Amino acid sequence: MNPIRLVISDVDGTLVTRDKQLTPGVIAAVHRLHTRGIAFTAVSSRPPFGMRMLSAPLKLTVPMGAFNGSTLFNPDGSVLESHTIPPDAVDVALDLLNARGTDIWLFTAERWLVRRGDTSYVARERHTIDFEPEIVGDDAIPRDGICKIVGVSEDFDLLAACEPDLKAALGKAAHAARSQNYYLDVTPPSLDKGTFVEETAARLGIPPKEVAVIGDMANDLPMFLKSGISFAMGNASDAVRKRATYTTLSNEEDGVAAAIDKILALA
């Protein structure tokens, strides 16, 4: 096996617990990577401002990935590279999500826009990213500068059925994938967590085969394909676990820490 010189982790369902906390065990495991000279970073469907709370406790120095890897930014929050969804694709996504009856959120690099502020998922996301949304009417929704659109529903089967239809409607104009059972994300085209792995490895001068990745959802599979070894969380679906090199413990059982300890044991 090739030596591992970089570890990249998903955030929600992976790096943090269900209540969106970093555990002492995970923090200590990431610090063990640092002491062994192995770089660590995170990539998420979250916006950059929703990942800032990870930098200090994990002592991050490597660029992080937001909006499923389509925005790269430094741990201090400064943006290195940002991409947006073409306005025509924004219209396609909004039309389809409206027709299916989902709630809709939009993110720019600095803003979180919602049509209603009183839903349970808005409360959940507010807690997750520690950021306040702006309530806008349909006539005030911008088409330019959109980094992510989210279809939100407590009907998981509806979103699962909507995902392939949205992919087909968008074609190559944008990328669509669920980041949680209740979130269907639309992000800029030709960019995903796999391209983030490639870009980050290139920035550090590390071959992709010397990268280990950790994730739990289907939107993490592109980075499984671009890395030397991959770990699926114990809370991941069977379909995700089957695509990984290893399965670790769940995010409630310090699964990232267990994966890191295996990486260090293999080194």
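As annotated in an unreviewed UniProt entry, the protein is Phosphatase YidA from Afipia felis.

Enquirer: Which parts of the structure should I look at to understand empty space enclosed by the protein?
Expert: Where empty space is left becomes clear once a probe the size of a water molecule has been rolled over the atoms. Applying the stated criterion to the full structure yields three cavities of 30 Å³ or more. A volume near 140 Å³ is recorded for the largest cavity. The wall of the largest cavity is formed by 17 residues, among which Asp12, Ser45, Ser179, Gln180 and Tyr183 lie closest to the centre. For the lining of the largest cavity, the secondary structure elements donating two or more residues are α5 (120-129) and β10 (175-180). Considering each element in turn, the lining of the largest cavity owes the most residues, three residues, to α5. Residues of the lining of the largest cavity, tallied by class, amount to two nonpolar, seven polar and eight charged. A domain split of the lining of the largest cavity shows at least three residues from each of domain 1 (6-82 + 191-266) and domain 2 (87-187).

Enquirer: It is not clear to me how unusual backbone geometry should be interpreted in this structure. Could you clarify?
Expert: Outside of glycine, negative phi angles account for most residues, and trans bonds account for most peptide bonds. Despite not being glycine, Asn68 has its phi angle at roughly 60 degrees, a positive value. Within the fold, Asn68 resides in the loop between β3 (64-66) and β4 (71-73).

Basis of the calculations
- Residues numbered from 1 in each chain as written.
- Predicted model: local features only at pLDDT ≥ 70, side-chain atom pairs only at ≥ 80, totals over all residues.
- Heavy atoms only, no water.
- 1 Å grid on protein atoms, 1.4 Å probe; cavity = no way out; pocket = protein on both sides within 12 Å on 5 of 7 lines; lining within 4 Å.
- Points joined across faces, edges and corners; volume = space filled by probe spheres on them.
- Helix = DSSP H or I, 4+ residues; strand = E, 2+ residues; numbered from the N terminus.
- Nonpolar A, V, L, I, M, F, W, Y, C, P; charged D, E, K, R; others polar.
- Domains from an automatic or database assignment.

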